[in-house]
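Given next are the chains, with one letter for each unit.
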Amino acid sequence: MMKVEARTVAGVEGVEASAASSSASLTATSASLDGGSRARRRTLWGLEPAQLHVRHWAAHGVQVVQQGEPSQIVRHAELFLLTDPRTLALFSLAPLMDTLNWVKPTVLFVRLHDTRERGYRERVVTDEAGKFVRFQRVYDAFEDYRLARVVMTPDREIAQLWQSSADPLTAWRRLRRYIPRIERATLSVEGTVYDRAADREVALFLRDLMGSWKRPDATIARAERHGAEVWRDPTARIAADAKFIGAVWVGAGREVAGGATVIGPAWLWDDESARPRTEAIQWLEIEPQELAPAAPLPRAGTVLDRAGKRLFDIAFAVAALAMSLGLYPFIMLAIWLEDGRPFFFAHRRETMGGREFPCIKFRSMRKDAETIKEQLRGKNQADGPQFFMDEDPRLTKVGKVLRKYHLDELPQFWNVLAGQMSVVGPRPSPFKENQYCPPWREARLSVRPGVTGLWQVKRTRRAGTDFQEWIKYDIEYVETRSAWLDLKIVLATAYQIIRKATRS
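Residues numbered from 1 in each chain as written. Predicted model: local features only at pLDDT ≥ 70, side-chain atom pairs only at ≥ 80, totals over all residues. Heavy atoms only, no water.

## Some points on the overall build of the chain
Formally: The way it works is that DSSP assigns letters per residue, a run of H or I at least four long becomes a helix, a run of E at least two long becomes a strand, and they are numbered from the N terminus. Remark: exposure states derive from per-residue accessible area (1.4 Å probe, protein chains only) relative to the maximum for the residue type, with buried under 20%, exposed over 50%, and partly exposed in between. The contact definition used throughout considers only heavy atoms, calling two residues in contact when any of these lie within 4.5 Å. Only the protein chains shown count as covering a residue, and every accessible area follows the Shrake-Rupley method with a 1.4 Å probe.
Along the chain, the regular secondary structure elements total 16 helices and 24 strands. Residues counted as buried form 47% of the 504 residues belonging to the chain. Across the chain, every contact between residues at least 6 apart in sequence was considered, and the portion connecting residues at least 24 apart equals 64%. For the chain, the accessible surface area stands at approximately 26,400 Å², while carbon and sulfur atoms represent 55% of it.

## Concerning the packing of helix α8 (residues 328-339) against helix α10 (residues 397-404)
For the record, the criterion: Every axis corresponds to a line fitted to the C-alpha atoms, with the helix fit spanning only the stretch in contact, and the corresponding angles, defined between N-to-C directions, vary from 0 to 180 degrees. Roughly parallel here means an angle under 35 degrees, roughly antiparallel means over 145, roughly perpendicular means 65 to 115, and every remaining angle is called oblique. The classification used treats Ala, Val, Leu, Ile, Met, Phe, Trp, Tyr, Cys and Pro as nonpolar, Asp, Glu, Lys and Arg as charged, and all other residues, Gly among them, as polar.
Between α8 and α10, whose axes approach to 9 Å, the crossing angle comes to 150 degrees. As the angle between them shows, α8 and α10 are arranged roughly antiparallel. Counted together, I331, A334, I335 and E338 of α8 and K397, V398 and L402 of α10 form the full contact between these two elements. For the contact of α8 with α10, the class distribution of residues is five nonpolar, no polar and two charged.

## Quick look at the nonpolar core
Across soluble globular proteins, you tend to see nonpolar side chains buried next to one another. Here is the rule: Side-chain atoms within 4.5 Å link the members of a nonpolar core, which is a set of buried Ala, Val, Leu, Ile, Met, Phe, Trp, Tyr and Cys residues.
Of all hydrophobic cores here, the largest spans 31 residues; its most connected members are I335, F362, F413, V416 and I489. Discounting chain neighbours no more than four positions away, the residues touching I335 are G340, P342, F343, F362, R363, V398 and L402. Grouped together as the second largest cluster of nonpolar side chains are 25 residues, L44, W45, M210 and W267 included.

## Overview of the packing of aromatic side chains
In this description, a pair of aromatic rings is defined by centroid distance and the angle of the planes. This is how it is decided: For Phe, Tyr and Trp, rings pair up if their centres lie within 6.5 Å, where Trp contributes its six-membered ring, and each pair is then called stacked (planes under 30 degrees apart), edge-to-face (over 60) or tilted (otherwise).
This structure, assessed with the given rule, holds 13 aromatic pairs. Seen from their ring centres, W213 and W249 are 6.2 Å apart, and the 75 degrees between their planes marks the pair as edge-to-face. Placement of W213 in the loop between α6 (199-212) and β13 (224-225) and of W249 in strand β17 (residues 248-250) is noted, with a sequence separation of 36 residues between them. The buried category is assigned to W213, whose relative accessible area is 2%. W249 sits in the buried class, given a relative accessible area of 2%. Pairing Y328 with F344 gives two aromatic rings, centres 6.5 Å apart and planes at 50 degrees, and the pair type is tilted. Placement of Y328 in helix α8 and of F344 in strand β21 (residues 344-350) is noted, with a sequence separation of 16 residues between them. Y328 sits in the buried class, given a relative accessible area of 9%. Of the residues examined, F344 reaches a relative accessible area of 34% and is grouped as partly exposed.

## Details of a nonpolar patch on the surface
The test is simple: Think of a patch as exposed residues, more than 30% relative accessible area, with no salt bridge, where like charges cluster within 9 Å and nonpolar side chains (Val, Leu, Ile, Met, Phe, Trp, Tyr) cluster within 5 Å. Take a side-chain nitrogen of Lys or Arg and a carboxyl oxygen of Asp or Glu: if they are within 4 Å of each other, that pair is a salt bridge.
Where nonpolar side chains cluster on the molecular surface, the patch consists of I314, V318, L325, W414 and L417 and spans about 410 Å² of accessible area. Looking at where I314 falls in the secondary structure, it is placed in helix α7 (residues 303-324).

And the structure:
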């Protein structure tokens, strides 16, 4: 049994002294690596670092799938993380789950932005006589260090397609060839990527893994809790007066003697003579991870706030109708000359509490618009439940003008007077669209929908982000709404309309 004597062990076991950034370094213990081949044979609880990476993701219901490492694609995994064989990756699932749950792509391409300072070593350079010349900073080579790509998918067949590819390049080409563009989504998030072929990268991975993975026993049966941040193998022997500061993982066959102080993050590799056999992951017995705290409910606002907003809505709607009623005969005549009656179109939308109401607009589309919509479903450019096309053939010539200058929405001020809508609020949506995300639905239906809103003035229409922006700005408005914000949105809307008019 390998033993840690009564001394202070600081930092990460198993790496050379090397700088992790310009201001931080990892301190080596006496058990430094003597070569890459030996490092790759080292295990903790019978698992190599890459296997610990697999167990970490399995604890979140995610199976890691790579080329060259054939394993059964399990039925009980909720998601599959597709990576190349060289990459270890750590990142938060939360921003990805929003897209996976609401947009439901077959594959989600994830760009991981690594914001770490590059790891390096300081090497002494001497001349032929052995005289000091300078220090040389040597960086570990990992070409994709700053930006790495991984794929998330709920589809087992896609995971098998990735795994059976000859190499990562072939796998990426297969995904783009066989997965229709409409079934793909792309997201950029902050994450950390590590090169499993570099000893220092593996050490950094283990250090960061220990900081983020608080329950290794979820997928590693041998891991036993010894303290708040200490996990041990059942065969490890730890003296009663041994001290641990920070996160420490103790491998099989190791002994921490009395009086020893181990400063984390640190790990003690398995004793080679006591290395346990690797146990299969029991997917059906994985303990759930700790849940993230629930998001706070949007504030309801005081009675005075609501009364003030309602008075503003009435006053603004009366003024808007007084100024726009003179346009009604001309707009109605133009609609009738091109496509006949009806002049107005009323679509069922939801207001506060989910109550439905007829949202009134000037008709801007052909009478058979709904039939044509079904035929055009595959050409939808929106990334969510709504339908959008840059050149929508359902629009009439008059309708294009009405849409461009928002004249089709003038009748909605009658909805404002009726108390069904507000001047400013989330975009009015039908029941079907509101079911895509219950938290989003509850937030946006806690206030009246608006003729204009934060999403309308801030959206970018970038491909693949429209629905996400819709959700983001709706919730942001509900959480931060105020009279001042409403005024800014009204002014921004007026500016956009005037700018379009002057550019025509």
